[in-house]
Amino acid sequence: MIEITKSNIEKAIAKARITKPLVKVLEFRRYQVTNKTTGATYEVKFSKINNTKYAECNCKATVICYHIGASIGAHIVLAEQMHTATA
Ligand SMILES: [Zn+2]
């Protein structure tokens with residue numbers, strides 16, 4: 001698991017905007033990200049411990065990769081919907 005910071009996630013989102021991978025929601029906090037060019041598929045998971053956000057991806061990157069950057073947009077929308085639903 002890698003801690004999400006403002007700077008590492010911004011870089012990952014910027015890279016995702018260029019590569020534009022396909023993001024599919026598997027369940028809340030679990031996403032499948034497909035590289036449209038190579039067809040490679042990775043799984044991204046988000047977790048939150050004591051108000052710190054973490055992410056992990058099963059690709060070979062050991063940093064917040066663009067798969068995580070691509071998923072977080074969908075994740076933020078879903079998390080807000082869940083929050084609204086429980087409020
Ligand atoms: Zn990745």
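All of the points below concern the structure found in this document. None of the values given here were measured: they were computed from a predicted structure. (Residues numbered from 1 in each chain as written. Predicted model: local features only at pLDDT ≥ 70, side-chain atom pairs only at ≥ 80, totals over all residues. Heavy atoms only, no water.)

1. Some points on the overall build of the protein
And then number 1: Scanning the protein from N- to C-terminus turns up two helices and five strands.
And then number 2: Beginning at the N terminus, the succession of helices and strands in the protein can be written as β-α-β-β-β-β-α.
And then number 3: Here the C-alpha atoms of the protein give a radius of gyration of 13 Å, agreeing with the 12 Å that 2.2 N^0.38 yields for 87 residues.
And then number 4: Expressed as lengths along the three principal axes of its C-alpha atoms, the size of the protein is roughly 40 × 20 × 20 Å. (Helix = DSSP H or I, 4+ residues; strand = E, 2+ residues; numbered from the N terminus. Rg over C-alpha atoms; globule rule 2.2 N^0.38 Å.)

2. Side note on the nonpolar core
And then number 1: Core analysis: the biggest nonpolar cluster contains 14 residues, and Ile4, Ile9, Val44, Phe46, Ile64 and Ile68 have the highest contact counts within it.
And then number 2: For this core, the secondary structure elements donating two or more residues are α1 (6–19), β3 (30–34), β4 (41–49), β5 (52–57) and α2 (66–86).
And then number 3: Setting aside its immediate chain neighbours within four residues, isoleucine 64 contacts Ile2, Glu3, Ile4, Asn8, Ile9, Ala12 and Ala55. (Core = buried A, V, L, I, M, F, W, Y, C linked by side-chain atoms within 4.5 Å. Buried < 20%, exposed > 50% of the residue type's maximum accessible area, 1.4 Å probe, protein only. Contact = heavy atoms within 4.5 Å.)

3. Quick notes on the environment of threonine 52
And then number 1: Position of threonine 52 relative to the elements: it lies in strand β5.
And then number 2: Residues in contact with threonine 52, not counting those within four places in the same chain, are Glu3 and Ser47.

4. Here we look at the coordination of the zinc ion
And then number 1: Coordination sphere of the zinc ion, protein contribution only: Cys57 (SG), Cys59 (SG), Cys65 (SG) and His67 (ND1), at 2.0 to 2.3 Å.
And then number 2: Here the zinc ion binds four donor atoms, and the angle range of 105 to 115° at the metal identifies the geometry as tetrahedral.
And then number 3: Sequence spacing among the residues donating to the zinc ion works out to C-x1-C-x5-C-x1-H. Pair check on accessibility: cysteine 59 and histidine 67 agree, each one buried. (Donors = N, O, S within 2.8 Å, 3.2 Å for Na, K, Ca; no water. Tetrahedral: all angles 85-135°; square planar, octahedral: opposite > 155°, others 65-115°.)

5. Describing unusual backbone geometry
For residues that are not glycine, phi is negative in most cases, and the peptide bond is trans in most cases.
And then number 1: If you check the backbone angles, lysine 20 has positive phi at about 45° while not being a glycine.
And then number 2: Topologically, lysine 20 is positioned in the loop between α1 and β2 (22–27).

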